[in-house]
Amino acid sequence: MKRMGRSHGVTAGAKAGAQASRKIIVYIATSVDGYIARSDGGVEWLNRPLPKGGYGMDAFARSIDTVLWGRKTYDFAVKMGGLGAYGNLKHYVFSRQPPSDPLPEVEFVSGPIPEFVAKLRARKGKNIWMMGGASIIASFLDSGAINEFSIHVIPVMIGQGIPLVAPRHRNIPLELISARSFSDGVVHLNYTVRP
């Protein structure tokens, strides 16, 4: 494994003297060609033996207490067996039309992102995992609500699918915090979103 980069003590976007707030982190895997899933939502290309510590997932899981979901990603997780695998976390799903039978540990959100984020960050707690998918990541990014991207690049090209962020014209600078490569070819890139 190789490491490079540097660590930063200031949360991205934090103003001088301001109290650091909970960070919203996109923690996700992509193919080398930038997709998070196949067009039909399939992620079988992610199936691979995990190294000890699961590419850092164990440590990341200890740093969060909340998960943000887009509706399609939530529906996929429910179809695959529910949210129990994620532990005792608070789950928020962004949807204009909540299902008639939502899981009990889930709260559906349909209001504006900036107001939701302000209330969420005002509460005490750990960092927040932006699970995805591409549309909700894009909406949070375009609202200035994403602090970091923690991307595991899987050494496979799938040719087409759902991109990491829904396409729109944007120019959002990122700063590399760290890069780590694993013996199986997976590369973990950690970026902060610059103000």
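Check the entry above for the structure.
First, a word on what this report is: a plain description of the structure on this page. (Residues numbered from 1 in each chain as written. Predicted model: local features only at pLDDT ≥ 70, side-chain atom pairs only at ≥ 80, totals over all residues. Heavy atoms only, no water.)

1. Topic: the overall build of the protein chain
The line we're drawing: Elements are defined by DSSP. Helices are runs of H or I of four residues or more, strands are runs of E of two residues or more, and each kind is numbered from the N terminus. The criterion used for residue contact is that any of the two residues' heavy atoms lie within 4.5 Å. Each accessible area is a Shrake-Rupley result for a 1.4 Å probe, and residues are judged covered by the shown protein chains and nothing else.
When its secondary structure is counted, the protein chain shows four helices and eleven strands. Considering only intrachain contacts with a sequence separation of at least 6, the fraction spanning at least 24 residues in the protein chain is 73%. Total accessible area computed for the protein chain in this model is approximately 11,200 Å², and 54% of it derives from carbon and sulfur atoms.

2. Section: the pairing of strand β7 (residues 127-132)
Rules: Accessible area is worked out with a 1.4 Å probe on protein chains only. A residue is then buried under 20% of its type maximum, exposed over 50%, and partly exposed in between. The criterion for strand pairing is that DSSP finds at least two bridges linking the strands in question.
Taken across its six residues, β7 has six buried, putting it largely inside the fold. Inspection of the sheet shows strand β2 (residues 24-31) paired to β7 by three bridges, in the parallel sense. From the neighbouring strand, Ile-24 faces β7, where its bridge partner is Ile-128. Relative to β7, strand β4 (residues 64-70) is paired through five bridges, and the arrangement is parallel. For Val-67, the partnering residue across the bridge sits in β7 and is Trp-129.

3. Details of the packing of aromatic side chains
In plain terms, the rule: Here a Phe, Tyr or Trp ring, Trp counted by its six-membered ring, pairs with any other such ring whose centre lies within 6.5 Å, and the pair is stacked when the planes are under 30 degrees apart, edge-to-face when over 60, and tilted otherwise. By definition here, charges over rings are those cases where NZ of Lys or CZ of Arg is within 6 Å of the ring centre and within 35 degrees of the ring normal.
Inspection of the entire model under this criterion finds eight aromatic pairs. Where Tyr-55 meets Phe-182, the ring centres are 5.0 Å apart and the plane angle is 90°; that geometry is what we call edge-to-face. Residue Tyr-55 is found in the loop between β3 (35-37) and α1 (57-62), and its partner Phe-182 is found in the loop between β10 (174-181) and β11 (187-193); the two are separated by 127 residues along the sequence. Residue Tyr-55 shares its accessibility class with Phe-182, and that shared class is buried. Note on Phe-60 and Trp-129: the rings are 5.6 Å apart at their centroids and 90° apart in plane angle, and the pair reads as edge-to-face. Of the two residues, Phe-60 sits in helix α1 while Trp-129 sits in strand β7, which places them 69 residues apart along the sequence. Comparing Phe-60 with Trp-129, the two get one shared label, buried. Grouping aromatic residues by their ring pairs yields a cluster made of Tyr-92, Phe-94, Phe-116 and Phe-140. Stacked on the ring of Tyr-92, the Lys or Arg Lys-90 has its end atom at 5.2 Å from the ring centre.

4. Structural notes on the side chain of Ser-95
Using the following cut-off: Definition of a polar contact: a pair of N or O atoms within 3.5 Å, with one able to donate and the other able to accept a hydrogen when the atoms are protein atoms, and with sequence-neighbouring residues admitted only if both atoms are side-chain atoms.
Assignment of secondary structure puts Ser-95 in the loop between β5 (90-94) and β6 (106-109). Among the polar contacts listed, one links the side chain of Ser-95 to the side chain of Arg-71, at a separation of 3.1 Å. For Ser-95, the contacting residues outside a window of four places in its chain are Arg-71, Phe-108, Val-109 and Ser-110.

5. Side note on the nonpolar core
This is how it is decided: Among the buried residues, those of types Ala, Val, Leu, Ile, Met, Phe, Trp, Tyr and Cys that are joined through side-chain atoms within 4.5 Å form a nonpolar core.
Formed by 29 residues in total, the largest nonpolar core has its most connected members in Leu-68, Phe-140 and Phe-149. Of all the secondary-structure elements, those providing two or more residues to this core are β2, β5, α3 (113-122), β7, α4 (134-142) and β8 (148-154). It is α4 that contributes the most residues to this core, six residues altogether. When neighbours within four sequence positions are excluded, Leu-68 is seen to be in contact with Ile-24, Tyr-92, Phe-94, Phe-116, Leu-120, Ile-128, Trp-129, Met-130, Met-131, Gly-132 and Phe-140. Ranked by size, the runner-up nonpolar core spans 15 residues in total, among them Ile-25, Tyr-27, Leu-83 and Phe-108.

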